[in-house]
Structures are given as structure tokens and as C-alpha cells.
Amino acid sequence: MQVTVSVNGEERAREIEPRLLLVHFLRDVLGLTGTHWGCDTSNCGTCVVLMDGRPVKSCTVLAASAAGHEITTVEGLERDGVLDPVQQGFHEEHGLQCGFCTPGMMLTARALLDENPNPSEAEIREAISGQICRCTGYATIVRSIRWAAEHPAAAGAAAETAGEAAP
Amino acid sequence: MSTTEERPIGFGRLKRKEDARFIRGQGRYVDDVQLPGMLHGAVLRSPYAHARIVSIDVSAAQQHPKVHAVLTGRDLDGLGLAWMPTLSMDTQAVLATDKVRFQGQEVAFVIADDRYAARDALELIDVDYEPLPVVVNARRALDADAPVIRDDLEGKADNRIFDWEAGDRAATDAVFARADVVVSEEMLYPRVHPAPMETCGAVADYDAVEGSLTLWSTTQAPHAHRTLFALVARLPEQKIRVIAPDIGGGFGNKVGIYPGYVCAVVGSIVTGRPVKWMEDRSENLMATSFARDYVMRGSIAATRDGRILAVRVDVIADHGAFNATAQPTKYPAGFFHVFTGSYELEAAHCAVTGVYTNKAPGGVAYACSFRVTEAVYLVERMVDLLARELDADPAQLRLANLIRPDRFPYEAKTGWVYDSGDYETALRKALEMAGYEQLRAEQAERRERGELMGIGLGFFTEAVGAGPRKHMDILGLGMADAAELRVHPTGKAQLGISVQTQGQGHETTFAQIVAQELGIPPEDVEVVHGDTDRTPFGLGTYGSRSTPVSGAAAAVVARKVRDKARVVASAMLEVSADDLEWERGRWFVRGDPDQGATIQEIAMAAHGTVELPKGVEAGLDSETVYDPPNLTFPFGAYLCVVDVDPGTGKVTVRRFVAVDDCGTRINPIIIEGQVHGGLADGVGMALMELIAFDEDGNCLGGSLMDYLIPTALEVPDWETGFTVTPSPHHPIGAKGIGESATVGSPPAIVNAVVDALRPYGVRHVDMPCTPSRVWEAMQGRGAPPQ
Ligand code: FES
Ligand code: FES
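Predicted model only: the values in this text are computed from it and were never measured. (Residues numbered from 1 in each chain as written. Chains lettered and ligands numbered in written order. Predicted model: local features only at pLDDT ≥ 70, side-chain atom pairs only at ≥ 80, totals over all residues. Heavy atoms only, no water.)

1. Some words on the overall build of chain A
Point 1. Per the secondary structure count, chain A includes six helices and five strands.
Point 2. Shown N-terminal to C-terminal, the secondary structure of chain A runs as helices and strands in the order β-β-α-β-β-β-α-α-α-α-α.
Point 3. Taking 167 residues into account, the globule formula puts the C-alpha radius of gyration at 15 Å, and chain A, at 15 Å, falls close to it.
Point 4. Each principal axis of the C-alpha distribution contributes one length, and for chain A these read about 45 × 35 × 30 Å.
Point 5. Counting across all 167 residues of chain A, residues that qualify as buried make up 60%.
Point 6. When the accessible surface of chain A is summed, it comes to about 6000 Å², and 51% of that surface belongs to carbon and sulfur atoms.
Point 7. Averaging the locations of the 12 positively and 22 negatively charged side chains of chain A gives two centres separated by 6 Å. (Helix = DSSP H or I, 4+ residues; strand = E, 2+ residues; numbered from the N terminus. Rg over C-alpha atoms; globule rule 2.2 N^0.38 Å. Buried < 20%, exposed > 50% of the residue type's maximum accessible area, 1.4 Å probe, protein only. Areas by Shrake-Rupley, 256 points an atom, 1.4 Å probe, with all protein chains shown as cover. Lys, Arg positive; Asp, Glu negative; His and termini not counted. Charge placed at Lys NZ, Arg CZ, Asp CG, Glu CD.)

This is how it looks when you write it as C-alpha cells:
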């Protein structure tokens, strides 16, 4: 079947199998490999993307049912070479180690901050509780998201401290 | 403006260089590799834990329009690849030929156009199994009438793999015979799984014309894997390139070679196209390297006034259906004999029996430092049991028995020589950070009110950084690591290393080591890893060996460059090299500090036209192979506070204080991150995680719905502290930190749970201390270990 999904502000039309999951559509069909796949029971959250601004596990959404919705992936967080404060926060506070859970965590954080710009530690923990990080023990993720809350327009210096974007 | 504290030249809180790609979703993991014409493999797995294979019919699968090939054990047999060697010198079936020996074992491999089609085709394979009796209980595996699992091994009539011991049995028995107090306990360190968020997988690309293989794989040891592929697949080693791109967590799960990797390689050879195999989560949990599964009986002997005299322990080690643990050859129980712990003992002895069961193979994984996890758990539980028996305070009992600083290097009763330590200072610091006295007072008050609060302590001594190579090898490969440092004419450098980050931040910390030694900014040092074509040989990252071994290599190679730079500087400045002095980043003339040359200037001159002394070659590049003289022995003192709900048995970790000593600290940000991650592992193991089996050998922990990993809601905000006791034999005094917290935290948590349950007279609860187990223990029905 033919689907058209808007991903990071761009309409992407493709011919797909109806059963194709959004996570595989993004990764294998569009080559947006920042969204990860870590389980088969919808427990890990490494596949989280934003659908119309709300976090969803893209392993539980059919690509076909994403048609007509706006999907944001980690690749869409940086705008015009300026990092999202959440991205910079993860760098500042060592919110990542292997980086596998990181895109999903950052997107959940973005949605949380859009709704609640000043979340408490407990609210942050609650927001990311559907996602597993095996490396960080979560405290630095919480701090990263707090950093972003405290620096809502921080982005500018990011490219300097977090290195240049990969080409 | 950045301060030097934020941008240190050398050791300090440098933010990670590698973050730039990960926060942009530009990390490149194995499953991100897409090659033109690439096909996808999927593994058919056994539903039975033990069954004879009567027949396999793949014809329907072969007819699936998107299927390119189907491999079975018989096909591999024709190539001599149906079995492969394990890291413990056993053999393991790649695809089963005679019978299956655990649920989830690999039976066939389908190669198709895409991953969905490959899995569809698995459904079309018809296997006729004849079920056999199953044994999943390690003790019962030793019974005379237990089904023999490894009848493929010539003359094998039982399930015993090895009997191994350490320490002095007679001396230990003698001490126990005269001790005032002896306490014994049976405990199980249950089977758990490292479960990194990225599962295991590979992309194999065989070029028939060149006869060369490129293998992208989730490996913690790319060089060792290349050698093994050369030996197993009999491909010439120089034609094999193993690439470990970004690895999404390893924790020991990615040390071994799994049948899926071999099948991907064969699949690429057979189809002439690149083949990707990526396991799903249930395959990861059911079939790849589990951890622990040690059935232990420990005893501790002491005087009535609280001097610990001896420890002994008997273990039945469940290795699953194939002995595939990754550990140095001479040490079938890993470094378990460091169970002597952090205490001055008169004698110690352990006996370990390894057994086959109808469970997945593996055993050394999940940040265990080669079984130091099991050892530390055993001794720290025993010390707490002794404190209870003596009615002593567990902190005081430990303080009275810890090895004193002046006793280092300390030779433990099982032969280890601990390099350095100041244990008492670390423990006192943890007690102070926690407010131990106040906590005990609070506990007494709460007990009055019927509330269950527990305070648990754990002290650990780790043994990490294997070699030395003369004592330690894996499949004959000595445990050393090389480093290669190139200094370009402009003074920028490239460091090639043989160890493999899975999130530990090597691109940052190894650049800092070179920066520290050469005085150039860490941004000027590019760290190359994860590609056997571009890096020197070495055994890889596990057992916390990166800093102790490869970190030492990086320091040594940088010092070689510095020494060479001195010779070049002497030619540039026309003074004797002996008259030159080093300050960070620069050689200068003694007594005339203005006369000097920076490393950058020297690098340019070394590649330029300066006349060098006879026998000195141009350039500054250098390489080294580091063979550690001894292990390093990081240590730490942990304290955990839990609350137990008397109505449900639910345990909540309220506080966790961790004081770690890993010697010299290269990057405190990364060290703290490593500790945090390990503490979360500890909460998982102590309270939640379990790979269990039913009587028929069905795996009951085969998905993340059943195998419970802590989320942000189950862990507290960690309170970390540190002391610094450098290793005397390591070039920069660093000891390694990657596994300390995973090793040290479970006993502190279980000690806290048992402490909370003291009003109920509970002496021990086996991990994981789930609400139902805790509640059962409160009713006086502790689940007996198997
Ligand atoms: S892949 Fe695990 S929740 Fe989606
Ligand atoms: S950073 Fe590795 S899983 Fe979160």
C-alpha cells in the first residue's frame, strides 16, 4: 500500500506492506536510524518518537496508521544547526553512555517540557518510566532534563561544546 | 567562556567527545548498517529444552518467494561448521544436528529479502522433535540418574564439567574446628541477564573474488573475534575485517561468538550477498550469555569477640548446555576465589563444581568481573550473618576486620596479591555520608511503630584488568593490549586502541590519558577503535580491563612519544637531551626556560628536515603492547537504606551511598556515570531480575514483560563519594571502575532487606527480593535455594 507520513516536517510517500511497523518504516525504509528497536513487547522505549507532539512507541504503531500525522524523530530535534536544549542537556549532564536509549529519552523529555516547562524530579521520573536505560542509572538523565528546563533557550553554545554535527 | 576545569588538558571533568553524534541520532549501531543488496537472516529456535531431532523439513520455507536460502545443521556439517569452539574450550552447536539442549537453541537459519519475510519463513519449517527428560536444577544435574546432556562428547556419562578449588582445605578445616563461632548459609546467586538495550547481531559481507570477509558485529572484543573467525571458518585472518561500530551496551553480553554471527557469515558466502542477522529481545534473553547461576554454601568462622578467622564455600556452578563462559583458561570459576573479600583471614577455601543443565550457555557476563560479583555477594552476606550471630553492629564488625593500609600489597589466602587499599577510610566515609548513627536511631524509632526500615552495608574488593598474559589467556590468546600513537606534523594525534567501548566513553578518556602525558588538548587526540583494520591487536573490553590494561598502554605509548620528542628537541635546540626538562606540552633547556620547543613544534620538526642523531628515525609515532604485571584491585564501601511494606513485602530503595576507590581518576564525570549504572544493575538483581525456568525447561524470563529491569521509578538518586588510592603498578595509578558498582551493590541491598526483616527473625532471602518472596520470608517460608 501507499502511505504518506510527515516526518520531521517533510512529507514522505512510500509503497509499504500494511503490517510494517513505524519503527521499521523510519529505520529501514527512510534510513532514519536514530530511532532504535530494543524489544518485542513494547517495554523498552528505545523506539519512542513524537506523533503530533506526543511520545509514542513506534514499535506499536503501524506505519500506515501514522499517515496524516506529524512524526518527529531525534533527527528532527536540531533546528538550523541549533541543538534542542534537551540535546544539550544530555551532553552537559552526562545523560547518555551507549546512546541507545537516548533518542527516545530525549523525545519524551521534549514532550514533557512542552507540556510542563518546569517539571520536578518526580515528574521527570514518571515521564520516562516507560523507557529503560541500562547504562546510566537514570539520575543523570533526570539532571539532563532539568538542565534543559533551566536553559530553555540555551541552544546557541551547543555546537561549540557538543561538537559539530556529523555530515 | 570555558574554564580549564571544564576543558582540562589531561585528567578532569571533560564532557564526552562522543556525545556529539549520539545526541543527534547519528550513532551507528550494527542494525543501522545498510548495504546494497543486503539480505536478512532469522534463526529458528527450539521450543524444547531437551529433545532429539528426528527430522527437519525446510522445503516449504525454501519455496517462499522472498527466501534465498535456508541453512540447517546438516548443511553446516558439510562445511565443518555445525559445531564451534567456545571461549572455555568446549564446543557448541551452531545449528543443532543431533538434539537440542536448551529452549531457544538454534536449529535453522533463514535468509530472505527482509526481516519480516525471514520470520514468516521460519513458520514454514517443520521440525520433528522427540522430547527427552530435562534437567534445569544444577544440583539434580549431578544425580546419578540425571539425563546426560552432552552425549556428543566422547565418553561423557554425566553432567559434570569441572571440579576446581582454591585455598587450603586442611588449614581452613583446622581453623573452623577451633573457632568459637561458625555460621553457614545456603544461597543462590540466581541466573540473570545483562540485557543491553541493543541486542546482539551482525552484518556479514563476504567478497568471493577477494576471498575477504567484512563483519560488522556487536562485539566487545573485535580482535579476538577476528582470530576466532579465522580459526572457526578457516578464512585467512588478514582477509577478515571485524568492525564494531557503536555498541549499544554490552556488559559482557557481547564477548562471546553466537551461532547467529556464524550463520550470517555462512549465509553471505552461500548467497553471495551481505547478510544481516539481528536478534530480537526474546532471543537475546533466552539464548545469549546469561550471568551468575551459582548455588553456594558459605561458612564463616570467627572468635566470640568478633575476629573473622576463615571463610569457606562450596559452589555448584550452572553453566547451561555448553560451557561457553568467557574467562581466562586457568580459571574455570573466573576470579571467584577473591571471595576472601576485604578482610584479614587466617585461612580460606573454595570448591567449585561446574555442571551442564538444559539451559542457555554463558555464565560470565553482566559486569561481573569474572565472577567477582558472586564472590563479593557471598562474603558480604556471610559477614552480615556473622554480625547477627554475634549481635554485633555490621559496620563495627567490618571496621574491626578490614585489611589495614600498612598490609598492602596484601597476599590473600587464595593467592591474590591486592595491590593497594585504604579500606577503613572508605568505609568511614560512607558511614559519615549516610549519617549511620542517625539512621540506626531512626530505624529503632520506626521499629517501635511497626515500620520495616533496613540498613545494609557492603564492602568489596574487586579484581580487574586481566592479564598478566603468562597467567591469563582466552583460548590461548594472552590477555595483553596494544596501543598505537601517531603524531601528525601539526602535532595532532591519533591513538589506536584494541579495547571496545560500549558506552564507557573511551573516545574521551583515552584522549585525556594522551593529553595528560603529552600536554596537548584532548580535542587534538582522535581515538580510533572498533575496526581490526585500523587498530592494533588486543583482547578487548570486559572484566573492567579497558583502563587497567589498555589505559596503561595509552600512557606508555604517549611516554614513548615524549621520549622521542626529547631527542628531536635536542636536535632542534642543539643541546644534549640530558639538558632538557619536561613541562606539560614542552621540552625546554634546564636553566633557560625560554629556550624550548612545544610538542607541536617538535612534531613538525620530526617530520621536517632537522638533522637527527644517528640511528634516530624521523617522526614521533610509537606503539606498545602492555602486559599488566598484576590485576588491579578497586574497592568501595556501599550503604543502602530500604523500606519494606509490611503489608505487601514490597521493597523500596530509599537511599544508596556509594564510596568508590578506583585509584587515579581520569574523568570523574564518566566514573560517576559508571557507578550509577552499576548501582541500578544492583537494584535490578537484588530486587527484580530473574531468568527462571519451569520443570520442563521453559524459560520464564524470555521477554521484558517477564524479565524486569529497573526504570527511573525503582531507583533513588545516587549519593556517590570517593577516595583515591592509586595502584602502585599501573603507569597512571588507575584501577578500573566499570563493574565495581554491579559487584558491590547487590549484597548491600540484600543486607538491608534482611536487616529490615529482623523483627520477623528472617536470616536470609534469596535474590531477587520480590514482594512475594519477601512476604513469604516474613511468614517464615523462605524459598529454599535449589
Ligand atoms: S522497541 Fe521496545 S518499546 Fe518499542
Ligand atoms: S545510555 Fe545505554 S541504554 Fe541508556
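2. Describing the overall build of chain B
Point 1. When you go through chain B residue by residue, the secondary structure sums to 18 helices and 33 strands.
Point 2. Since a compact globule built from 786 residues should have a radius of gyration of about 28 Å, the 27 Å found for chain B is in line with a globular shape.
Point 3. Per-residue burial for chain B yields a buried fraction of 66% across its 786 residues.
Point 4. Sequence separation of at least 24 residues holds for 79% of the intrachain contacts in chain B that already meet a minimum separation of 6.
Point 5. Surface summary for chain B: the accessible area is close to 26000 Å², and the carbon and sulfur share equals 49%.
Point 6. Within chain B, one finds 76 positive and 107 negative side-chain charges whose respective centroids are separated by 2 Å. (Contact = heavy atoms within 4.5 Å.)

3. A look at the domain arrangement of chain B
All names here are of chain B.
Point 1. Parsing chain B into structural domains produces domain 1 (33–132 + 197–249 + 254–287), domain 2 (291–466 + 630–780) and domain 3 (480–626).
Point 2. The C-alpha centroid of domain 2 is placed 37 Å from the C-alpha centroid of domain 1.
Point 3. Each partner contributes to the interface: domain 1 provides 22 residues, whereas domain 2 provides 24 residues.
Point 4. The junction of domain 1 with domain 2 conceals about 1700 Å² of combined surface from both sides, 61% of it contributed by carbon and sulfur atoms.
Point 5. Among the residues domain 1 hides against domain 2, the three largest losses belong to S88, F102 and L285. Together they make up 28% of the total.
Point 6. Counting residues per element, the ones that place at least two in the side of domain 1 that touches domain 2 are strand 5 (91–93) and helix 8 (281–287).
Point 7. Ranked by the residues each element gives to the side of domain 1 that touches domain 2, the list is headed by helix 8, at five residues.
Point 8. In terms of residue class, the side of domain 1 that touches domain 2 is made up of eleven nonpolar, eight polar and three charged. (Domains from an automatic or database assignment. Buried area = accessible area lost by both parts, 1.4 Å probe. Nonpolar A, V, L, I, M, F, W, Y, C, P; charged D, E, K, R; others polar.)

4. Quick notes on the environment of B:R45
All names here are of chain B.
Point 1. Here R45 lies in strand 1 (residues 39–45).
Point 2. R45 sits 388 residues away from M433 along the chain, and the two C-alpha atoms are 50 Å apart.
Point 3. Excluding residues within four positions of it along the chain, R45 makes contact with G104, Q105, E106, V107, Y129, W277, E283 and A287.
Point 4. Within the structure, R45 has its side chain in polar contact with the backbone oxygen of G104 (distance 2.8 Å).
Point 5. Of note is the side chain of R45, whose polar atom sits 3.2 Å from the side chain of E106. (Polar contact = N/O pair within 3.5 Å; in protein donor to acceptor, adjacent residues only side chain to side chain.)

5. Focus: the confidence of the model for chain A
Residue and element names in this part refer to chain A.
Point 1. Put simply, chain A has an average pLDDT of 93, and 92% of its residues get 70 or more.
Point 2. Scored below 50 in pLDDT, residues 156–161 shows 13 contacts in the model against residues more than four places distant or in partner chains.
Point 3. Scored below 50 in pLDDT, residues 163–167 makes ten contacts in the model with residues more than four places away or belonging to other chains. (pLDDT = per-residue confidence, 0-100.)

6. Concerning the sheet that holds strand 27 (residues 580–583) of chain B
Residue and element names in this part refer to chain B.
Point 1. Strand order in this open sheet of three strands is 27-28-29, and the pairing throughout is antiparallel. Each end of this open sheet is capped by a strand with a single partner; those strands are strand 27 and strand 29 (592–598). Put simply, the sheet's adjacent strands are angled 35 degrees from each other on average, direction ignored.
Point 2. Its contacts with the sheet place helix 14 (residues 546–573) against strand 27, strand 28 (586–589) and strand 29, and it is angled at close to 45 degrees to strand 28. (Pairing = 2+ DSSP bridges. Axes fitted to C-alpha atoms, helices over the stretch in contact; angles between N-to-C directions.)

7. Digging into the UniProt feature "domain: Aldehyde oxidase/xanthine dehydrogenase a/b hammerhead" (unreviewed entry) in chain B
Point 1. On the UniProt side, "domain: Aldehyde oxidase/xanthine dehydrogenase a/b hammerhead" (unreviewed entry) is annotated at positions that read residues 24–133 of chain B here.
Point 2. Along residues 24–133 of chain B one finds 17% helix and 37% strand; the C-alpha atoms at either end are 52 Å apart. (UniProt positions renumbered as here; feature names shortened; annotations may be inferred.)

8. Some words on helix 16 (residues 668–687) of chain B
Residue and element names in this part refer to chain B.
Point 1. When the terminal C-alpha atoms of helix 16 are compared, their 28 Å separation across 20 residues agrees well with the 28 Å that a helix rising 1.5 Å per residue should span.
Point 2. Burial runs high along helix 16: 19 of the 20 residues are buried.
Point 3. With a side-chain oxygen lying 3.0 Å from the backbone nitrogen of I669, the N-terminal cap of helix 16 falls on N667. (Expected span 1.5 Å × (residues − 1).)

9. Remarks on the pairing of strand 15 (residues 290–302) of chain B
Residues and elements named next belong to chain B.
Point 1. In terms of burial, strand 15 is a largely internal element, twelve of the 13 residues being buried.
Point 2. Judged from the eleven bridges that link them, strand 10 (residues 181–192) and strand 15 form a sheet pairing that is antiparallel. Residue pairing across strands places L188 opposite V295, the latter belonging to strand 15.
Point 3. In this structure, strand 15 lies alongside strand 18 (residues 362–363), joined through two bridges in parallel fashion. Note on strand 18: the bridge partner recorded for A291 is G363.
Point 4. Two strands pair when backbone bridges link them, and strand 15 and strand 16 (residues 308–318) are joined in this way by nine bridges, in the antiparallel orientation. Within strand 16, the residue paired with R297 across the bridge is D314.

10. Concerning the confidence of the model for chain B
Parts of the prediction with low pLDDT should not have their coordinates interpreted in detail.
Point 1. Per-residue pLDDT for chain B averages 96, and the proportion of residues at 70 or more is 99%.
Point 2. Here the prediction assigns the complex a pTM of 0.97, and the interface score ipTM is 0.97.

11. Let's talk about a negative patch on the surface
All names here are of chain B.
Point 1. A surface patch of like charges, here negative, comprises D57, D126, D128 and E130.
Point 2. Sort the elements by how many residues they give to the negative patch and strand 8 (residues 126–131) lands first, with three residues.
Point 3. For D128, the location among the structural elements is in strand 8.
Point 4. The exposure class assigned to D128 is partly exposed, which follows from its relative accessible area of 39%. (Patch = residues over 30% accessible without salt bridge, like charges linked within 9 Å, V, L, I, M, F, W, Y side chains within 5 Å. Salt bridge = Lys/Arg side-chain N within 4 Å of Asp/Glu carboxyl O.)

12. With respect to the interface of chain B and chain A
Point 1. Of the residues lining the interface, 61 residues belong to chain B; the matching set on chain A comes to 56 residues.
Point 2. Roughly 4800 Å² is buried in total at the junction of chain B and chain A, and carbon and sulfur atoms are behind 53% of that figure.
Point 3. In this structure, A:D28 and B:R115 form a salt bridge, with 3.0 Å as the shortest nitrogen-oxygen distance.
Point 4. Taken together, chain B and chain A are joined by 28 residue pairs in polar contact (both at pLDDT 80 or more).
Point 5. Here the element with the most residues in the side of chain B that touches chain A is helix 16 of chain B; it accounts for eight residues.
Point 6. Among the residues making up the side of chain B that touches chain A, the classes are represented as 26 nonpolar, 17 polar and 18 charged.

13. Here we look at the packing of helix 16 of chain B against helix 17 (residues 740–756) of chain B
Residues and elements named next belong to chain B.
Point 1. Across the interface, helix 16 lies against helix 17 with an axial gap of 7 Å and an inter-helix angle of 45 degrees. Relative to helix 17, helix 16 is oriented oblique. Our pair here, helix 16 against helix 17, has a crossing hand that is right-handed. Where helix 16 abuts helix 17, its residues V675, G678, L679, D681, G682, V683, M685, A686 and L687 lie against A741, T742, S745, P746, I749, V750 and V753.
Point 2. Of the residues belonging to the contact of helix 16 with helix 17, the class tally is eleven nonpolar, four polar and one charged. (Parallel < 35°, antiparallel > 145°, perpendicular 65-115°, else oblique. Left-handed = near helix turned anticlockwise from the far one by under 90°.)

14. Section: the sheet that holds strand 6 (residues 99–100) of chain B
All names here are of chain B.
Point 1. The strand order across the open sheet built from three strands is 6-2-8, with neighbouring strands paired in antiparallel fashion. In this open sheet, the two strands that pair with only one neighbour each are strand 6 and strand 8.
Point 2. Bridge count for strand 2 (residues 51–57) against strand 6 is two bridges, and the pairing is antiparallel. Bridged to A51 within strand 6 is V100.

15. Side note on the pattern of salt bridges
Residues and elements named next belong to chain B.
Point 1. Taken as a whole, this structure holds 76 salt bridges over all chains when the rule is applied.
Point 2. One salt bridge connects R101 with D152, and the closest N-O pair in it is separated by 3.2 Å. Here D152 lies in the loop between strand 8 and strand 9 (160–167) and R101 lies in the loop between strand 6 and strand 7 (106–112), a separation of 51 residues in the sequence.
Point 3. The class of R101 is buried, set by a relative accessible area of 0%.
Point 4. Assessed through its relative accessible area of 29%, D152 is described here as partly exposed.
Point 5. One connected set of salt bridges, linked through shared partners, spans R52, D90, D98, K99, R101, R150, D151 and D152.

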